[in-house]
Amino acid sequence: GDHWIWMSFDPVHKIIPASSFCEFGVIKLEVDKDARVINPGSGVVRSFTEVHEDRSGHLLDKPIYVAQVVFPGTVGSIFGLVELAKGEHLEIGTPVQLVKTSKVGPEHIKFKLKTSKK
């Protein structure tokens, strides 16, 4: 079946799981029942990878960071690129927020470090 995530950039987002099961408990998820409202600024990095080459093996100009991000009160996670400003670094447990975009597709899911500014 199709795997998809639906998000809007209202103050609160509704996430529909991108897979039909929970990777932690391997339980089947029901999209209509298990979709959750989240705060887009409440993400936390669960794991990440620093990537130095593209899919063809060519070196990138600078590394990119692909992270697995979880949100409080939800089952599952979202993968996306983390945009780091100069001097920023990424760690497991780092708070992140979704970056608003008009583009659609998993390659356009991006996060940035959550700042303490309100």
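Now for a description of the structure that goes with this document. On a predicted model such as this, the values are computed, not experimentally measured, just so you know. (Residues numbered from 1 in each chain as written. Predicted model: local features only at pLDDT ≥ 70, side-chain atom pairs only at ≥ 80, totals over all residues. Heavy atoms only, no water.)

### Focus on the overall build of the protein chain
What the protein chain contains, in helices and strands, is one helix and seven strands. When the helices and strands of the protein chain are read in sequence order from the N terminus, they spell out β-α-β-β-β-β-β-β. Counting across all 118 residues of the protein chain, residues that qualify as buried make up 27%. Considering only contacts in the protein chain between residues 6 or more positions apart, those separated by 24 or more positions represent 46%. Roughly 8,400 Å² of accessible area belongs to the protein chain as shown, and the carbon and sulfur atoms make up 55% of that amount. (Helix = DSSP H or I, 4+ residues; strand = E, 2+ residues; numbered from the N terminus. Buried < 20%, exposed > 50% of the residue type's maximum accessible area, 1.4 Å probe, protein only. Contact = heavy atoms within 4.5 Å. Areas by Shrake-Rupley, 256 points an atom, 1.4 Å probe, with all protein chains shown as cover.)

### Remarks on the pairing of strand β3 (residues 43–53)
Where β3 and strand β6 (residues 95–98) come together, two bridges link them in antiparallel fashion. If you follow Gly 43 over to β6, its bridge partner there is Val 96. Here β3 pairs with strand β4 (residues 59–70) via eight bridges, running antiparallel. Residue pairing for β4: Val 45 is matched across the bridge by Val 69. Hairpin geometry of β3 and β4 is characterised by an intervening segment of five residues between the two adjacent antiparallel strands and by a positive phi of about 90° at Gly 57. (Pairing = 2+ DSSP bridges.)

### A word on the sheet that holds β6
Taken in spatial order, the five strands of this closed barrel run β3-β4-β5-β7-β6, and their pairing is mixed. Pairwise comparison of adjacent strand axes, ignoring direction, gives a mean angle of 50° for this sheet. (Axes fitted to C-alpha atoms, helices over the stretch in contact; angles between N-to-C directions.)

### Things to note about the nonpolar core
Looking at soluble globular proteins, one finds that nonpolar side chains tend to be buried together. Counting residues in each nonpolar core, the largest one holds 14 residues, and the members touching the most others are Val 69, Phe 71, Val 82, Leu 90, Val 96 and Phe 111. Looking at this core, the elements that each hand over two or more residues are β4, β5 (78–83), β6 and β7 (110–113). Filtering out sequence-adjacent residues up to four positions away, Phe 111 remains in contact with Val 69, Phe 71, Ile 78, Phe 79, Gly 80, Leu 81, Val 82, Glu 83, Val 96, Gln 97, Leu 98 and Val 99. (Core = buried A, V, L, I, M, F, W, Y, C linked by side-chain atoms within 4.5 Å.)

### Notes on the pattern of salt bridges
Under the defined criterion, the tally for this structure stands at one salt bridge. A salt bridge links Lys 110 to Glu 83; the nearest nitrogen and oxygen atoms lie 3.9 Å apart. Of this pair, Lys 110 sits in strand β7 while Glu 83 sits in strand β5, and the two are 27 residues apart along the sequence. On the basis of relative accessible area, Lys 110 is assigned to the partly exposed category, the value being 29%. Classification of Glu 83 as partly exposed rests on a relative accessible area of 37%. (Salt bridge = Lys/Arg side-chain N within 4 Å of Asp/Glu carboxyl O.)

### A closer look at the pairing of β6
Alternating positions in β6 separate cleanly, Val 96 and Leu 98 being buried on one face and Pro 95 and Gln 97 remaining unburied on the opposite face. One ladder, built from three bridges, connects β6 with β7; its direction is antiparallel. Note that in β7 the partner of Gln 97 across the bridge is Lys 112.

### Observations regarding the environment of Asn 39
Looking at where Asn 39 falls in the secondary structure, it is placed in the loop between β2 (36–38) and β3. A relative accessible area of 44% means that Asn 39 is categorised as partly exposed. On a C-alpha basis, the gap between Asn 39 and Gln 97 in space is 8.7 Å, while along the polypeptide they are 58 residues apart. Of the polar contacts made by the side chain of Asn 39, one reaches the backbone nitrogen of Gly 41; its length is 2.8 Å. (Polar contact = N/O pair within 3.5 Å; in protein donor to acceptor, adjacent residues only side chain to side chain.)

### A word on the environment of Arg 46
Topologically, Arg 46 is positioned in strand β3. Owing to a relative accessible area of 40%, Arg 46 belongs among the partly exposed residues under this scheme. The sequence separation of Arg 46 and Phe 79 amounts to 33 residues, and the corresponding C-alpha distance is 9.9 Å.

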